[in-house]
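Structure at a glance
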Amino acid sequence: MHTIPQCECLKLEVKGPRLNLTFNRPDQRNAINTQMGSEFAAVLDWLEKTPEIRLVVLRGAGGHFCAGGDIKERRGMAEEVVTPDHDPIMERNRKAGLAFMKFERLPQTTIAVVEGSAFGGGMGYACMADITIVAEGARMGMPETTLGVAPAQIAPFVVKRIGLTRARQLALTGERFDGRKAYEYGIAQYLAPDSEIDATLEKVVDKVLQCGPLANAATKEIMLTVGTLPEEEMVAFSARKFSELNRGPEGKEGQSAFAEKRKPAWQVEAEKAKG
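Overview of the structure. (Residues numbered from 1 in each chain as written. Predicted model: local features only at pLDDT ≥ 70, side-chain atom pairs only at ≥ 80, totals over all residues. Heavy atoms only, no water.)

Considerations on the side chain of Lys-220
Applied cut-off: Secondary structure elements follow DSSP: runs of H or I no shorter than four residues count as helices, runs of E no shorter than two count as strands, and numbering proceeds from the N terminus. We define a polar contact as two N or O atoms separated by no more than 3.5 Å, with the added condition that, inside protein, one atom must be a possible hydrogen donor and the other a possible acceptor, whereas residues neighbouring each other in sequence contribute only through side-chain atom pairs.
Inspection of the secondary structure puts Lys-220 in helix 9 (residues 213–225). At 2.8 Å, the side chain of Lys-220 forms a polar contact with the backbone oxygen of Gln-108.

Here's the deal with the nonpolar core
Put simply, the rule is: Residues grouped as a nonpolar core are buried Ala, Val, Leu, Ile, Met, Phe, Trp, Tyr and Cys residues, joined through side-chain atoms within 4.5 Å. Per-residue accessibility, obtained with a 1.4 Å probe over protein chains only, is compared with the maximum for each type, and a residue is labelled buried under 20%, exposed over 50%, and partly exposed between these values. Any two residues whose heavy atoms approach within 4.5 Å are treated as being in contact.
By size, the foremost hydrophobic cluster in this structure holds 46 residues, and its most contacted members are Tyr-125 and Met-140. The residues touching Tyr-125, leaving out its near neighbours within four places in the chain, are Phe-23, Ile-32, Phe-40, Leu-58, Phe-65, Phe-100, Phe-103 and Ala-112. If you look at the next biggest cluster of nonpolar residues, it comprises 15 residues, including Leu-55, Ile-111, Ile-197 and Val-208.

Re a nonpolar patch on the surface
Operational definition: Patches here: salt-bridge-free residues with over 30% relative accessible area, like charges joined within 9 Å, nonpolar side chains (Val, Leu, Ile, Met, Phe, Trp, Tyr) joined within 5 Å. Surface accessibility follows the Shrake-Rupley procedure with a 1.4 Å probe radius. Residue values consider only the protein chains on display as shielding. For this analysis, a salt bridge means a side-chain nitrogen from Lys or Arg found within 4 Å of a carboxyl oxygen belonging to Asp or Glu.
Together, Ile-71, Leu-147 and Val-149 make up a nonpolar patch on the protein surface, roughly 250 Å² of accessible area in all. Take Val-149: it is sitting in the loop between strand 7 (139–141) and helix 5 (155–162).

Comments concerning the sheet that holds strand 7
Under the convention used in this document: Any two strands between which DSSP finds at least two bridges are classified as paired. Think of each axis as a best-fit line through the C-alpha atoms, taken over the contacting stretch in the case of a helix, with angles from 0 to 180 degrees between the N-to-C directions.
In spatial order, the strands read 5-7-8; together these three strands make up an open sheet with mixed pairing. Pairing within the sheet leaves two strands with one partner each, and these edge strands are strand 5 (117–119) and strand 8 (176–178). Pairs of neighbouring strands in the sheet enclose a mean axial angle of 20 degrees, with direction left out of account. As paired strands, strand 5 and strand 7 are joined by three bridges and run parallel to one another. What sits directly across from Phe-119, in strand 7, is Gly-141. Running at roughly 90 degrees to strand 5, helix 4 (residues 121–128) makes contact with strand 5, strand 7 and strand 8 of the sheet.

Set out below in structure tokens:
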């Protein structure tokens, strides 16, 4: 396994096939500043070349998920000199968008655990994760428009998650809502009382680790490709992925385990890691 990046604004914990990635600026409700963004991008690069990690759990320290972008820092950047070759706010925003895209496309299965505040970019991450668990007491929304700016980079992910009509309504009103509404809107797939959020997470983790890691990665890739290829090319792309899995060691192991009425190797490994 490659050396894990050293971070100050993120807390990283590897537990067997699982990475617990925690936004770690609790005094700022885990608002995203430039340093956190750079560290997050480095972790994504590390994950792309670390197949031993099968699952990423994303959450926030101190009872809050993520309050979005660091407005104090961004306000200071607004006073910086802009030249034809250098616009610091645009460059930072573009980098954030590229990191969001990379996070969505990770081969690992990603789970967001949303508690407390999840605004702006925090809500964006909730919409980018493969699976989102929300606490009933969470508070979410896209307040950017109330500050005179736009939810520029998270907007595509929110639209994909909950549809254009609901996304427009939430963004153009700046509405704030709780965990139950987030579940009803389709942002989260699991809703839990605040006191049961950890237990719910572990149940979901156990389900994910029952699945073949290569199968999950290929399934994500197929689903995220939908709508980007003509129909016949999509059929061919999916068929190629299916064939690769069937002929590969994971597919052979899974089908052999089924025929022999035993657990496949990845399930046995996950149980060992869990202890």
